[in-house]
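Letter by letter, the chains look like this.
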Amino acid sequence: MPELPEVENTVRDLKPLLVGRRVLDVRILWPRLVHGKSPEAFAVELTGRQIVNTDRRGKYLLFPLDNGCTWVVHLRMTGQLHVVPAQAEVERYVHAVLDLDNGQQLRYRDARKFGRFYLVDEPESVIGKLGPEPLSESFTPLELFNRLQGRRTAIKTLLLDQRVVAGLGNIYADEALFRAGIDPRRPAGTLTQADCNRLHTAIRQTLATAIREGGSSLGGSALTNYRRPTGVQGSFQRRHQVYHLAGHPCPVCGAPIERIKLGQRSTHFCPRCQLYEPLGAESS
DNA sequence: ACCACAACCTGGCCGC
DNA sequence: TGCGGCCAGGTTGTGG
């Protein structure tokens, strides 16, 4: 579920609710949620700590603590964080509960149990291999171009590789490639500098707009559907131009949107606007 | 480097 | 209503 825009909104929403709060108690209800140490050690070490900030790197949430350690969360497909009054009934699929020092609880809910908690001295031990932040100044068109050099893998597949650029998932990879007019199947190394300029702009505009719209909320059920910690849904799904729109007319040219598999992931694109003619592939 | 595939989990939806 | 099959926004590990 959550890609960079959804995680960014989660971090922003949690900031006023968590910064300065002290953790009075930790209950891990699904032991395999915690990685890198035992759930018991995790709970003991987090208990009594004050949360000094909320931050994001790629799709990871970072919660620096007053002892220099960092609580790191990845929501994977269906994870959600909510802050609610301690007396509120505990919902189904809640796998961790943190008692805060103001009578509120921070609850982690995850129907598919794919999410992960870490408690580490250095966040780099978890996020160290991530590529550049796509909205930061260090992410330039040239940087993108350089990272694609010599790669024969389809550009869509590489955009999903968090070591190339951090934060894109299936929705925003498809949407950015459409906005850049680039065929998702194209070998990444064949993108020209001009292509990378357009793709760089498309990635940034797509993500920035999605953040402003509160992310994308897909699917009917509240379990799989992204919600802000406040319970609010995002609205960027209304701006999707290709994602989950197979068979619909392309918003630019009217050709039917196609759906294919790339790297085991469903991929949506306009066969006309994102046409690519490989050199030497012309046939009669 | 690259690819396919399984695994981690559960729920929703579709067709029969 | 039930059941099988396929789908799902992410990542990691294995084997070729």
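Residues numbered from 1 in each chain as written. Chains lettered and ligands numbered in written order. Predicted model: local features only at pLDDT ≥ 70, side-chain atom pairs only at ≥ 80, totals over all residues. Heavy atoms only, no water.

Chemist: Let's hear about the sheet that holds strand β5 (residues 79-85): which residues, and what values?
Modeler: Within the open sheet, the 4 strands sit side by side as β1-β6-β7-β5. Their pairing is antiparallel. Only two strands of the sheet have a single neighbouring strand rather than two, namely β1 (23-28) and β5. Direction aside, neighbouring strands of the sheet carry axes that sit 15° apart on average. When β5 meets strand β7 (residues 104-110), the two strands line up antiparallel, connected through 7 bridges. From the neighbouring strand, Gly79 faces β7, where its bridge partner is Asp110. Sitting on the sheet, helix α1 (residues 4-18) touches β5, β6 (94-100) and β7, and the angle it makes with β5 is about 30°. Docked against the sheet, helix α2 (residues 39-46) engages β1 and β6, running at close to 170° with respect to β1. (Pairing = 2+ DSSP bridges. Helix = DSSP H or I, 4+ residues; strand = E, 2+ residues; numbered from the N terminus. Axes fitted to C-alpha atoms, helices over the stretch in contact; angles between N-to-C directions. Contact = heavy atoms within 4.5 Å.)

Chemist: A description of the domain arrangement of chain A should follow, citing residues and the corresponding values.
Modeler: You can read the domains of chain A as domain 1 (4-127) and domain 2 (141-269). A separation of 28 Å is found between the C-alpha centroids of domain 1 and domain 2. With 19 residues of domain 1 at the interface, the matching set in domain 2 holds 21 residues. Of the roughly 1700 Å² buried where domain 1 meets domain 2, counting both sides, 60% is carbon and sulfur surface. The interface formed by domain 1 and domain 2 includes 1 salt bridge. Residue Asp13 pairs with Arg228 through a salt bridge whose shortest N-O separation is 2.6 Å. Remark: the boundary between domain 1 and domain 2 carries 9 residue pairs in polar contact (both at pLDDT 80 or more). At the level of secondary structure, the elements contributing two or more residues to the side of domain 1 that touches domain 2 comprise α1 and β5. Per-element tally for the side of domain 1 that touches domain 2: the top contributor is α1, with 9 residues. Classifying every residue of the side of domain 1 that touches domain 2 by side-chain character gives 6 nonpolar, 6 polar and 7 charged. (Domains from an automatic or database assignment. Buried area = accessible area lost by both parts, 1.4 Å probe. Salt bridge = Lys/Arg side-chain N within 4 Å of Asp/Glu carboxyl O. Polar contact = N/O pair within 3.5 Å; in protein donor to acceptor, adjacent residues only side chain to side chain. Nonpolar A, V, L, I, M, F, W, Y, C, P; charged D, E, K, R; others polar.)

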